[in-house]
Amino acid sequence: MAVKAILWDVDGTLLDFAAAEKAAVQKLFIEFGLGECTDGMVARYSSISGGYWKRLERGEITKAEVLVGRYRDFFSELGIDPALAEPFNARYQVALGDTVAYRDDSLEIVKALHGRVKQYVVSNGTVIAQTKKLERSHLGEWMDGIFLSEQLGAEKPSPRFFEQVFAALPDIPKEDMLIVGDSLTSDMQGGLNAGVPTCWYNPQSLPRPADMAIAFEIQNLQQIYELL
Ligand SMILES: [Mg+2]
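Here the structure is a predicted model, which is why all the values come from computation and not from measurement.

Caption draft 1: Structural context of the domain arrangement of the chain. The assigned domain composition of the chain is domain 1 (5-16 + 102-227) and domain 2 (17-98). Each of domain 1 and domain 2 has a C-alpha centre, and these two points are 24 Å apart. Opposite the 20 residues of domain 1 that make contact, domain 2 presents 15 residues. Across the domain 1/domain 2 interface, buried area totals approximately 1,300 Å², and carbon plus sulfur atoms make up 53% of it. In this structure, the connection of domain 1 to domain 2 is made through four salt bridges. A salt bridge links Arg136 to Asp98, with the nearest nitrogen and oxygen atoms 3.4 Å apart. Across the contact surface, domain 1 and domain 2 share eleven residue pairs in polar contact (both at pLDDT 80 or more). Listed by contribution, the elements that provide at least two residues to the side of domain 1 that touches domain 2 are helix H6 (127-136), helix H7 (149-152) and helix H9 (184-194). Considering each element in turn, the side of domain 1 that touches domain 2 owes the most residues, five residues, to H6.

In structure tokens:
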């Protein structure tokens, strides 16, 4: 296979999502007068939020339900007024882009690959958060296109997400694409559903599920060069 296009996941792949999430939640707790949000509280929020995203990937709930529902649950556990969930999330989408932390040296890699292969963002993140992140991180400057689920009306791993990517890139056969991402349920399953070769970014060396025909696995983004 000759890779002509890389479909990059952003959160947890090119950018360190956990760092941005923690900084944003802690900052907004202060801003909203809710006191200190400890690391343990952030971990609990992250777990609740992760559960909501998985339900979105399975098509059980809408993006809007994810964004507000996770904070409603989290605030209820803490005895905070759940009515704050909506304004808090609105501020959170903006604040998420304030902390730019790269995974490995992703910016250098994306720059080095520019002109060598086409590169596209494929993300389920919100338009507000992803636009700011891609701009502030400068990753967006090196991309040949950006596909956000909110604009496509379908989330990874739905084939409907990828069908729109294919339609926008009629000159690139899907067999010559490579989706690179950290999520088994959205990126790898999405690639498998749509017939796009898959590369699992697995920096923690988690066990690989036996029932998923993942084509490649890397622990460091630098290993992407070996696949091209
Ligand atoms: Mg990810």
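Caption draft 2: Quick peek at the nonpolar core. Val25, Phe29, Tyr71, Phe74, Phe75 and Tyr92 are the most contacted members of the largest nonpolar core, which has 26 residues in total. Only helix H1 (17-31), helix H2 (39-57), helix H3 (63-78) and helix H4 (85-95) provide two or more residues apiece to this core. The next biggest cluster of nonpolar side chains, apart from the first, holds 24 residues, and it includes Leu139, Leu178, Cys199 and Leu227.

Caption draft 3: Representation of the coordination of the magnesium ion within the structure. Protein coordination of the magnesium ion is provided by Asp9 (OD), Asp11 (O) and Asp182 (OD), with donor distances spanning 2.1 Å. Between consecutive donor residues of the magnesium ion, the sequence gaps follow D-x1-D-x170-D.

About the criteria used
- Residues numbered from 1 in each chain as written.
- Predicted model: local features only at pLDDT ≥ 70, side-chain atom pairs only at ≥ 80, totals over all residues.
- Heavy atoms only, no water.
- Domains from an automatic or database assignment.
- Contact = heavy atoms within 4.5 Å.
- Buried area = accessible area lost by both parts, 1.4 Å probe.
- Salt bridge = Lys/Arg side-chain N within 4 Å of Asp/Glu carboxyl O.
- Polar contact = N/O pair within 3.5 Å; in protein donor to acceptor, adjacent residues only side chain to side chain.
- Helix = DSSP H or I, 4+ residues; strand = E, 2+ residues; numbered from the N terminus.
- Core = buried A, V, L, I, M, F, W, Y, C linked by side-chain atoms within 4.5 Å.
- Buried < 20%, exposed > 50% of the residue type's maximum accessible area, 1.4 Å probe, protein only.
- Donors = N, O, S within 2.8 Å, 3.2 Å for Na, K, Ca; no water.

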